[in-house]
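Fold and geometry: a report
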Amino acid sequence: MAIIKVHDKSFDIYLSEETILQRVKELAAVINKDYTGKRPLFIAILNGSFMFATDLFKQLTIEAELCFIKLASYKGMKSSGNVVTSIGLEDDLFGRDVIIVEDIVDTGKTLHNFLPKLVHQQPKSLKIAALLHKSEATEYPLEINYIGFDIPNKFVVGYGLDYDGLGRNLKEIYQVI
Ligand code: 5GP
């Protein structure tokens, strides 16, 4: 048991650093295979995905590009749901192999609202890599091509994910008690 406190909530360790990094390596190995001879563009969604995107990208042996974009704000322990706009997407996606990199897919609403904007640019292919998926919480079904861990519908922090701004620096992932 490793209990930590972030703001007013207690969290227990759920995924160790070693477990996360091992799984990220496995995902990268599959992506390396799937994209051999291609040059995919990874679009990582800030803020939460910065650690996952970094560790995943370091494990790639194929030619690949990476950009970070910002979508919606997320406050407290419930998804705000409203994707306002995307900031920082300067690349032309026409004819590109695109992989979206997300920290966590919860209801699916964020990506459900955002994907049409990407599809509109006519990429050659469009796939999703998510470190965490709360499949029980799905309200907007999505095909997630690369999933790190399917997790229960409980709030988590760490490894880039925050609770009201804190907890992103934790190397492990913690689940609310
Ligand atoms: P969705 O639109 O799929 O419901 O939610 C996606 C976004 O909600 C994620 O990118 C993340 O910002 C936030 N989110 C959902 N569940 C959690 C969670 O358990 N912990 C944290 N820190 N953020 C979450």
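Whatever comes next refers back to the structure up there.
Below is a summary of the structure that appears in this document. (Residues numbered from 1 in each chain as written. Predicted model: local features only at pLDDT ≥ 70, side-chain atom pairs only at ≥ 80, totals over all residues. Heavy atoms only, no water.)

With that settled, consider the sheet that holds strand 5 (residues 97-105). The parallel open sheet is built from five strands, whose spatial order is 4-3-5-6-7. Two strands bound the open sheet, and with one partner strand each, they are strand 4 (65-70) and strand 7 (146-150). Averaged over all pairs of adjacent strands, the angle between their axes in this sheet comes to 20°, without regard to strand direction. Bridge count for strand 3 (residues 41-46) against strand 5 is four bridges, and the pairing is parallel. Bridge assignment links phenylalanine 42 to a residue of strand 5, and that residue is isoleucine 99. The sheet strands contacting helix 3 (residues 109-119) are strand 3, strand 4, strand 5 and strand 6 (125-133), and the helix crosses strand 5 at an angle near 170°. (Pairing = 2+ DSSP bridges. Helix = DSSP H or I, 4+ residues; strand = E, 2+ residues; numbered from the N terminus. Axes fitted to C-alpha atoms, helices over the stretch in contact; angles between N-to-C directions. Contact = heavy atoms within 4.5 Å.)

With that settled, the discussion passes to the sheet that holds strand 1 (residues 3-6). With respect to topology, four strands assemble into an open sheet ordered 1-2-9-8, the strand pairing being antiparallel. With one partner strand each, in any of the chains shown, strand 1 and strand 8 (156-157) form the two edges of the open sheet. With two bridges connecting them, strand 8 and strand 9 (residues 173-176) associate as antiparallel partners. The residue of strand 9 that forms the bridge with valine 156 is glutamine 175.

All of the buried residues in helix 2 (residues 50-58) are Met51, Phe52, Ala53, Asp55 and Leu56. Buried residues in helix 2 make contact with helix 1 (17-34), strand 3, strand 4, strand 5 and strand 6. (Buried < 20%, exposed > 50% of the residue type's maximum accessible area, 1.4 Å probe, protein only.)

Within the secondary structure layout, tyrosine 14 lies in strand 2 (residues 9-15). On a C-alpha basis, the gap between tyrosine 14 and valine 157 in space is 9.6 Å, while along the polypeptide they are 143 residues apart. Other than its neighbours up to four places away in sequence, tyrosine 14 contacts Asp150, Ile151, Pro152, Ile173, Tyr174 and Gln175.

Burial analysis of strand 5 places nine of its nine residues in the buried class, which makes it a mostly covered element. Pairing of strand 5 with strand 6, which is carried by eight bridges, proceeds in the parallel orientation. Within strand 6, the residue paired with isoleucine 100 across the bridge is isoleucine 128. Remark: the strand 5/helix 3/strand 6 crossover connection has right-handed handedness. (Right-handed = clockwise from strand over helix to strand, strands pointing away.)

From the geometry alone we can't say anything about function, so treat these as descriptive.
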